[in-house]
Structures are given as C-alpha cells and as structure tokens.
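# Structural overview for review
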Amino acid sequence: QVQLVESGGGLVQPGGSLRLSCLASGFTFNYYTMNWYRQAPGKERELVAVITGVSGSTNYADSVKGRFTISRDNGKNTVYLQMNSLTPEDPAVYYCNAVRFENYWGKGTLVTVSS
C-alpha cells in the first residue's frame, strides 16, 4: 500500500523557517522523482521543488529559489523541504508527490505565516 505522509507544517512568523518532511512507503523510493507542491486558497496547485531519484538533481520555482531547499534521504524513504525566510505569500497546503511510472500524492500539511 503506497503512502506519502507529510509533517512539519504549522504557524510561523514572517521571516521564520519550517522544515517539512514526507515519509514514503509502499514503493521503491529511490527510483522516484519527489516533488513538493503547494496550493493556497483560491489558487491552482503550484510546483515548488523537485528532486530526482538517482542523481538527486534539484529544481525550484522562481518564487522560492534561494529560500527553500529540497533534499532526500533514500535510506529513510524521506524527502524534506527546508523553508527559510517565509513570507505572507508562502502560506498554503504543501503536498508531497512521487513520480515515476505512477503518480502518488500525500494528503498535505498546512503552512501558515502570520505575525
């Protein structure tokens, strides 16, 4: 049974940091490209960061470059999103996504930025 379980969301002040985690199970994690998406109320789901399976190459949306870092630990079947310098434009539900031949989604974790 495939599962992606996100954690680490919460309330943070502007300029603060959060680290999201996504624990994967039920598939061969290290072969999958792992993505973080986000969706704010009334907006379309947006691709935030990508990390490939074998090479670990990364890519980021322009809106988060230099502030967010995606990483993975294949031994722990976990992908992370380190989010620094959070702004009022970053609040959303953040989703973990795994892609290879199949496309798997987590249920999301809520990030709120407010003073």
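Below: a short report on this structure. Per-chain numbering applies: the sequence of each chain, read as written, is numbered from 1 onward. Local features in this predicted model are restricted to residues whose pLDDT is 70 or higher, and side-chain atom pairs enter the listing and the counts only when it is 80 or higher, whereas totals over whole chains, interfaces and linings include all residues. Here the side-chain values reflect all heavy atoms present in the structure, with hydrogen atoms and water set aside.

### Notes on the state of the cysteines
Definition in use: Working definition: a disulfide is two cysteine sulfur atoms within 2.5 Å of each other. Each helix is a run of H or I in the DSSP string that is no shorter than four residues. Each strand is a run of E no shorter than two, and both are numbered from the N terminus. Only protein chains enter the accessibility calculation, which uses a 1.4 Å probe; a residue whose area is less than 20% of its type maximum is buried, one above 50% is exposed, and one in between is partly exposed.
Enumeration over the complete set of coordinates arrives at one disulfide. Across a sulfur-sulfur distance of 2.1 Å, Cys22 and Cys96 are joined as a disulfide pair. With the S-S bond torsion at -80 degrees, the cross-link from Cys22 to Cys96 turns out left-handed. With Cys22 in strand β3 (residues 18–25) and Cys96 in strand β9 (residues 92–99), the pair connects residues that are 74 residues apart, well separated along the chain. Taken individually, Cys22 and Cys96 each receive the classification buried, so the pair is uniform in this respect.

### Things to note about the side chain of Glu6
The cut-off we apply is this: Neither His nor the chain termini are counted; the positive set is Lys and Arg, and the negative set is Asp and Glu. Each salt bridge in this description consists of a side-chain nitrogen of Lys or Arg and a carboxyl oxygen of Asp or Glu lying within 4 Å of one another. Polar contact is defined as a pair of N or O atoms within 3.5 Å, subject to the rule that within protein one atom must be able to donate a hydrogen and the other to accept it, and that residues adjacent in sequence are counted only when both atoms are side-chain atoms. The criterion used for residue contact is that any of the two residues' heavy atoms lie within 4.5 Å.
Counting through the fold element by element, Glu6 comes out in strand β1 (residues 3–7). At 7.8 Å, Arg45 is the nearest oppositely charged side chain to Glu6, a buried residue that forms no salt bridge. A distance of 3.1 Å separates the side chain of Glu6 from the backbone nitrogen of Lys107, its partner in a polar contact. In terms of polar contacts, Glu6 uses its side chain to reach the backbone amide nitrogen of Gly108, at 2.9 Å. If we ignore the near neighbours within four places in the chain, the residues touching Glu6 are Ser21, Cys22, Trp36, Tyr94, Tyr95, Cys96, Gly106, Lys107, Gly108 and Thr109.

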